[in-house]
Amino acid sequence: MFTAILKFVLLYHALLQPGCSGWSKGIHAAASDLNEKSGLAIAVMGPTGSGKTTFVNLASGSNMHVGMGLQSCTSAIQVAPPFALDDRQVTLIDTPGFDDTAKSDAQILEILATHLSQEYQAGRRLSGVIYLHRISDVRMSGISMRTFRIFRQLCGDTAMTNVAMVTTFWESVDKAVAEAREKELVGQHTFFKHAVDRGAQLLRHNDTIESAHAIIRGFLGGSPKPLLIQEQIVDQQMRLADTSAGAELDREMLEQIEDHGQEKRILQEEAEEEIREREEQARQKAEADMARHHEEVARHQREIARLQHPCRGRRGMRRVACELREL
Ligand SMILES: Nc1nc2c(ncn2[C@@H]2O[C@H](COP(=O)(O)OP(=O)(O)OP(=O)(O)O)[C@@H](O)[C@H]2O)c(=O)[nH]1
Ligand SMILES: [Mg+2]
């Protein structure tokens, strides 16, 4: 199933290059120029619109295209020019977000997997992964959870110590509300608890350079670790569809297909019920029309009979008088 879907989306991907891909393509070429002397490499991931490109721009002083409307923006990997932080050279890797408006999650996973395995094969390791999540989201939607589950399988438990779960959009929400949401995120296994229990940091970003740099500083003392997907594709020679992230995506897609099937069944039942109701209403109307018609006919027949026999129904002298008048 996944392989077929993946083939389709790759073909689709080849035909379609949306929105701000011009930028992305130019910067994508720089990915191969990234060498070990650049120092620390950190990937920034997360759902579309969570602020990945904004974060990378802010921290690195770049000017990559940021989404302004409802459409997803970054459609390919973008490697920002390295910048100095303390005495290290930091390279941030901006990624397209899951739940993209123009690309399926399978396409996004393919883009991430291709880049990550190429880098790993070339001996370049990530020192960290930043996963952004909007604290302004009223609830952890099904899409956010799906995105996070795929991300978890992409990193694997061992690499979680090199992950920072970073919440964004703090200034867009009342602080008490945002703090309550943060508590919920870290308290539930279906949300971020699983990652935090395995060593991921939970941090806040308040959209300033200082906060972006403070988050990155957390990685300076650590050592690079391969992500699970890198080991599975490069070391274990697995096909993307068979990797943990690929299998997770496959599961998510099957669930979605089942949900759609169920939704379709409900809609079909509702449509059939409506047709039955309309048919019943039409039948009742036809019966009422027919009864009215019979009543009209009967009335006309009574009128005709009265015209033909005007004295019928009268008795005694009144009938005699009537019949005399009719003569
Ligand atoms: N208020 C607020 N707005 C933000 C923040 N981060 C990003 N934005 C805005 O959110 C919008 C989307 O930001 P992007 O940086 O393009 O998001 P992205 O995660 O790169 O999105 P994709 O490229 O589509 O995956 C832009 O209008 C940003 O200005 C933040 O921390 N606070
Ligand atoms: Mg972006």
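Please read these numbers as outputs of a predicted model, since none were measured by experiment.

A. Representation of the overall build of the chain. Helix and strand counts for the chain stand at eleven helices and seven strands. Counting every position in the chain, which comprises 327 residues, the buried fraction comes to 32%. Within the chain, contacts between residues separated by at least 24 positions form 75% of all contacts whose residues are at least 6 apart in sequence.

B. Focus on the packing of helix α6 (residues 175–187) against helix α7 (residues 189–197). Look at α6 against α7: their axes get within 5 Å of each other, and the N-to-C directions meet at 65°. Taken together, the residues of α7 that come into contact with α6 (itself represented by E184, L185, V186 and G187) are F191, F192, K193 and V196. When the residues that make up the contact of α6 with α7 are grouped by side-chain class, the tally is five nonpolar, one polar and two charged.

C. Structural context of helix α8 (residues 209–220). For α8, which comprises twelve residues, the first-to-last C-alpha distance of 17 Å matches the rise-based estimate of 16 Å (1.5 Å per residue) to within 8%. Regarding α8, the residues found buried are A212, I215, I216 and F219. Buried residues of α8 fall within an arc of 95° about the axis and therefore sit on the same side.

What counts, and at which threshold
Residues numbered from 1 in each chain as written. Chains lettered and ligands numbered in written order. Predicted model: local features only at pLDDT ≥ 70, side-chain atom pairs only at ≥ 80, totals over all residues. Helix = DSSP H or I, 4+ residues; strand = E, 2+ residues; numbered from the N terminus. Buried ≥ 20, exposed ≤ 12 C-beta atoms within 10 Å, placed from the backbone. Contact = placed C-beta atoms within 7 Å. Axes fitted to C-alpha atoms, helices over the stretch in contact; angles between N-to-C directions. Nonpolar A, V, L, I, M, F, W, Y, C, P; charged D, E, K, R; others polar. Expected span 1.5 Å × (residues − 1). Arc of directions from axis to C-beta.

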